[in-house]
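# Architecture at a glance
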Amino acid sequence: MTNQNVVVPESTINLAITVAVANSSIFSTAAQKPPAAPGGYISISRKNFLKNLEINGGATINALVDSMRASSPTHHKSTPSLVDDQTSWMDQHPSALEMFEQIIDASKGKQIVMFLDYDGTLSPIVEDPDRAFMSKKMRATLRKLARCFPTAIVSGRCRDKVYKFVRLAELYYAGSHGMDIRGPVKGGSKYKKGGGAVLCQPASEFLPMIDEVYKELIERTKSTPGAKVENNKFCLSVHFRCVEEKKWDELIQQVKSVIKEYPKLRLTQGRKVLEIRPTIKWDKGKALEFLLESLGFANRSDVFPVCIGDDRTDEDAFKILRERGQGFGILVSKFPKDTNASYSLQEPNEVMDFLQRLVEWKQMSLGEEASV
C-alpha cells in the first residue's frame, strides 16, 4: 500500500493527514463501458497516429525525433488525403460549440465540474513559456465560471507559476501534472462543507532529485541554441519550440545523458516539450480523481466532469472520464490526433466561447429557478 501526504490548512494550523490512497476509491480499476458521447461517438484507430511515447532506455533517438516532429503539425502540408482525414476526425470528435445543446442535455440534473489545462487551452502557445499570458477576457470568463461550477486548472507547469498567470484564488490548482494540488485559499470553498485549502504532493520525496537534475540539464543543454529548461517543482520541462529541427537529436542525447543516471525518473514528450517526471503512478487522471474525491463527488452518479486540454498528458484525464462513464473530454487541436476526448475545439478563443456559453446557460437556469 502506498501512502500519500494530504495537508488541509485550517486557519493558521496545518493538519497533516496521511491517506492510504491505494485502497481509496479514486484508484478503482473496475472498468466500465463509457456511454456514447452526446451526438454519438465513433472509435478511431491508432494506426495513423503516434501513441504517447515514454522514452526509457529502449526508445531510439530517431523514434523520439519522429514523435517530436509529429507534435509539430505546422510541418504538415494540406493534401486531399489530409483534408479527408480532418473531415473524418471531426465527424468522430465534433466541435463542442456545435454540440453545445446535446452536451447540456447530457448534464441536466448533474453537478458539472470543470478541469482545464493552461498552455494551449486557456492561453496560446508562445515561443517564450514565461510569457504565456492569458487574456483579460479569459480571466473574467474563468472568474464567472468558478462562481457557477467547481473549477480546477490541471497543468504540467509549476502550481505557483500557473497561479501567477491566472491570479484567481477561487480556483483549484494542480501543478506538475497533478503532483502538486491546492484548493481555494481565500474564503474557503463553497463546494465542500468546511471549506479550506487542500494540498496533495505525492512526489515530495523527489524534490531534491528534481533540483539536482535541473542544474545538470541547464549545464548540459546550454550548448543548444533555443533550448529552455523549466523547473516545475515536481517535474522538469525541456522546451524545444525555439530549437532548430536539425538540433533535436542533439538535444535528446543531452537530456538522456543526464537522466540515465536517475532510474526513478522517466522522460516523456509533449507538445514542443520534453518532460522529466518521477516514475510514481500519478498523472492528470489521478489528479482529476483526487479532486473529485476532495470535493465529495467520488462515488456520486450525479456529477458531470468536463476536462479540456490540448496535450498528450491530458489524455490520462480523458481516459479516466471514459472509464468512469461520466462527463467527457474536449481536445483543443486544429489537427487530427489520436484521443480519448469526445469533442474538440480548435484554439483558446473557442475554449473561451464554450466556457462563456456554459456560464450563460447556468445563469439563465438560476434565473428561471428564482422566478418559479
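So, here's what we can say about the structure. Keep in mind that this is a model prediction, so the values were computed, not measured.

Cut-off values and rules
Residues numbered from 1 in each chain as written. Predicted model: local features only at pLDDT ≥ 70, side-chain atom pairs only at ≥ 80, totals over all residues. Heavy atoms only, no water. Axes fitted to C-alpha atoms, helices over the stretch in contact; angles between N-to-C directions. Helix = DSSP H or I, 4+ residues; strand = E, 2+ residues; numbered from the N terminus. Parallel < 35°, antiparallel > 145°, perpendicular 65-115°, else oblique. Contact = heavy atoms within 4.5 Å. Nonpolar A, V, L, I, M, F, W, Y, C, P; charged D, E, K, R; others polar. Salt bridge = Lys/Arg side-chain N within 4 Å of Asp/Glu carboxyl O. Buried < 20%, exposed > 50% of the residue type's maximum accessible area, 1.4 Å probe, protein only. Core = buried A, V, L, I, M, F, W, Y, C linked by side-chain atoms within 4.5 Å. Pairing = 2+ DSSP bridges. Right-handed = clockwise from strand over helix to strand, strands pointing away. Left-handed = near helix turned anticlockwise from the far one by under 90°. Arc of directions from axis to C-beta. Phe/Tyr/Trp six-rings, centres within 6.5 Å; stacked < 30°, edge-to-face > 60°.

All right, on to the packing of helix α8 (residues 284-294) against helix α9 (residues 315-324) then. Contact pair α8 / α9: the axes reach a minimum separation of 6 Å and the direction vectors enclose 55°. Judged by the inter-axis angle, α8 sits oblique to α9. Taking contact as the criterion, the partners of Lys 284, Gly 285, Leu 288, Glu 289 and Leu 292 in α8 are, on α9, Asp 316, Ala 317, Ile 320, Leu 321 and Arg 324. Broken down by class, the residue content of the contact of α8 with α9 amounts to five nonpolar, one polar and four charged.

Going through the model one piece at a time under the given rule, you end up with 20 salt bridges. Glu 347 is the salt-bridge partner of Lys 334, the closest N and O atoms lying 3.5 Å from each other. With Lys 334 in the loop between β14 (328-332) and β15 (343-345) and Glu 347 in the loop between β15 and α10 (348-371), this pair connects stretches of sequence that are 13 residues apart. Overall, Glu 347 belongs to the partly exposed group, its relative accessible area being 30%. One salt-bridge network, held together by shared partners, links Asp 119, Asp 130, Arg 157, Lys 161, Lys 228 and Glu 230.

Phe 115, Leu 217 and Ile 276 are the most contacted members of the largest nonpolar core, which has 49 residues in total. Considering each element in turn, this core owes the most residues, six residues, to helix α7 (residues 248-259). Each residue touching Leu 217, except ones within four places of it in the same chain, is listed here: Val 229, Leu 236, Val 238, Val 255, Val 258 and Ile 276. Judged by nonpolar contacts, the second largest core, of 41 residues, contains Ala 146, Val 306, Phe 328 and Leu 345.

Looking along a regular strand, one sees the side chains alternate between the two faces of the sheet. Most of strand β13 (residues 303-309) sits inside the fold, with seven of its seven residues counted as buried. The alternating pattern of β13 places Val 303, Pro 305, Cys 307 and Gly 309 on one face and Phe 304, Val 306 and Ile 308 on the opposite face, and all of these are buried. Across four bridges, β13 lies against β14 in parallel orientation. For Gly 309, the partnering residue across the bridge sits in β14 and is Leu 331. Since β13 and β14 lie parallel, the crossover through α9 that links them has a hand, and here it is right-handed.

Before going further, it helps to examine unusual backbone geometry. With a phi angle near 60°, Arg 167 is a residue other than glycine that sits in the positive phi range. Along the chain, Arg 167 turns up in the loop between α5 (159-166) and β6 (172-175). Notably, Lys 233 is not glycine yet its phi reads approximately 75°, a positive angle. Under the relative-accessibility criterion, Lys 233 is labelled partly exposed at 27%.

Axis separation between helix α6 (residues 207-221) and α7 bottoms out at 10 Å; the angle between their running directions is 145°. Seen from above, α6 lies across α7 with right-handed handedness. Between α6 and α7, the contacting residues are Val 213, Glu 216, Leu 217, Arg 220 and Thr 221 on the first element and Leu 251, Gln 254, Val 255, Ser 257, Val 258 and Ile 259 on the second.

Time to look at α9. Here α9 lies mainly inside the structure; seven of its ten residues are buried. Within α9 the residues assigned to the buried category are Glu 315, Ala 317, Phe 318, Ile 320, Leu 321, Arg 322 and Arg 324. Those residues of α9 that are buried lie in contact with α8, β13 and β14. Directly after α9, the chain includes Gly 325, whose backbone phi takes a positive value near 70°.

By the element assignment, Cys 242 lies in the loop between β10 (236-239) and α7. Spatially, the C-alpha atom of Cys 242 lies 10.0 Å from that of Val 126, the residues being 116 residues apart in sequence. Residues within four places of Cys 242 in sequence aside, it is in contact with Glu 127, Pro 225 and Gly 226.

With that settled, the discussion passes to α5. Of the residues making up α5, those classed as buried are Arg 159, Val 162, Phe 165 and Val 166. Angularly, the buried residues of α5 cover 120° about the axis, an arc narrow enough to put them on a single face. Residues of α5 that are buried make contact with α4 (136-148), β5 (151-154), β6, β7 (180-182) and β8 (199-200). At the exit of α5 stands Arg 167, carrying a positive phi of roughly 60°.

The next point concerns the packing of aromatic side chains. Summed over all chains, the structure comprises eight aromatic pairs. Here the aromatic rings of Phe 100 and Phe 354 are separated by 5.8 Å at their centres, their planes lie at 80°, and the arrangement is edge-to-face. Pair noted here: Phe 100 is in helix α3 (residues 100-107) and Phe 354 is in helix α10, with a separation of 254 residues, a long-range link. For the pair formed by Phe 100 and Phe 354, the shared burial category is buried. Summarising the aromatic geometry, the rings of Tyr 118 and Phe 165 are spaced 5.3 Å apart at their centres and angled 5° between planes, so their arrangement reads as stacked. Pair noted here: Tyr 118 is in the loop between β4 (111-116) and α4 and Phe 165 is in helix α5, with a separation of 47 residues, a long-range link. Taking relative accessible area as the criterion, Tyr 118 reaches 0% and is therefore assigned buried. Through successive ring pairs, a cluster of aromatic residues spans Tyr 118, Phe 133 and Phe 165.

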